[in-house]
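Here are the chains, one letter per residue:
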Amino acid sequence: MEFLSAYNGVLIRYGLYLLIFWPTVGYYVYKKSKEQGLSRPQVRGVVLGFLGIPGLLIHLWYVQSQN
């Protein structure tokens, strides 16, 4: 179990980050993409959700530039 605490717990921190932000951001991006009629909302939700907060910022920037 030492591999989990390697590099001062980077794996645990990144895992928790994904656990919290991937579903939250992914669902938000999916829902808004579907409402606005953007192409491939499921793929957008998964990819931008994986990026977390930066993915949310990318999505908001893209939507803002569309308007």
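A brief report on the enclosed structure follows. All values derive from a computational prediction rather than experimental measurement.

A word on a nonpolar patch on the surface. Together, Tyr-14, Trp-22, Val-43, Val-46, Val-47, Phe-50, Leu-51 and Ile-58 give the surface a local cluster of nonpolar side chains, amounting to about 670 Å² of exposed area. For the nonpolar patch, the secondary structure elements donating two or more residues are helix H1 (6–36) and helix H2 (41–51). Per-element accounting of the nonpolar patch gives the leading share, 5 residues, to H2. Topologically, Leu-51 is positioned in helix H2.

For any two helices packed against each other, the geometry comes down to the angle between their axes and how far apart the axes lie. Interhelical geometry of H2 versus helix H3 (residues 53–66) gives an angle of 130° and a closest axis separation of 4 Å. In terms of orientation, H2 and H3 fall into the oblique class. Between H2 and H3, the residues in contact are Arg-44, Leu-48 and Leu-51 and Ile-53, Pro-54, Gly-55, Leu-56, Ile-58, His-59 and Tyr-62, respectively. Within the contact of H2 with H3, the residues separate by chemical class into 7 nonpolar, 2 polar and 1 charged.

Take the pattern of salt bridges next. Scanning the model with the defined rule gives 1 salt bridge in all. Linking Glu-35 and Lys-32 is a salt bridge whose minimum nitrogen-to-oxygen distance equals 3.7 Å. One end of the pair is Glu-35 and the other is Lys-32, both in helix H1 and 3 residues apart, which spans about a single turn.

Our focus in this paragraph is H3. Taking 1.5 Å of rise per residue, the 14 residues of H3 would be expected to cover 20 Å, and the 20 Å separating its terminal C-alpha atoms lies within 8% of that figure. Three or more residues of H3 are buried, namely Gly-55, His-59 and Val-63. Taken down its axis, H3 places every buried residue within 70° of arc, on the same side. Away from its buried face by more than 90 degrees, H3 exposes Leu-57, Trp-61 and Gln-64.

What counts and how
- Residues numbered from 1 in each chain as written.
- Predicted model: local features only at pLDDT ≥ 70, side-chain atom pairs only at ≥ 80, totals over all residues.
- Heavy atoms only, no water.
- Patch = residues over 30% accessible without salt bridge, like charges linked within 9 Å, V, L, I, M, F, W, Y side chains within 5 Å.
- Areas by Shrake-Rupley, 256 points an atom, 1.4 Å probe, with all protein chains shown as cover.
- Salt bridge = Lys/Arg side-chain N within 4 Å of Asp/Glu carboxyl O.
- Helix = DSSP H or I, 4+ residues; strand = E, 2+ residues; numbered from the N terminus.
- Axes fitted to C-alpha atoms, helices over the stretch in contact; angles between N-to-C directions.
- Parallel < 35°, antiparallel > 145°, perpendicular 65-115°, else oblique.
- Contact = heavy atoms within 4.5 Å.
- Nonpolar A, V, L, I, M, F, W, Y, C, P; charged D, E, K, R; others polar.
- Expected span 1.5 Å × (residues − 1).
- Buried < 20%, exposed > 50% of the residue type's maximum accessible area, 1.4 Å probe, protein only.
- Arc of directions from axis to C-beta.

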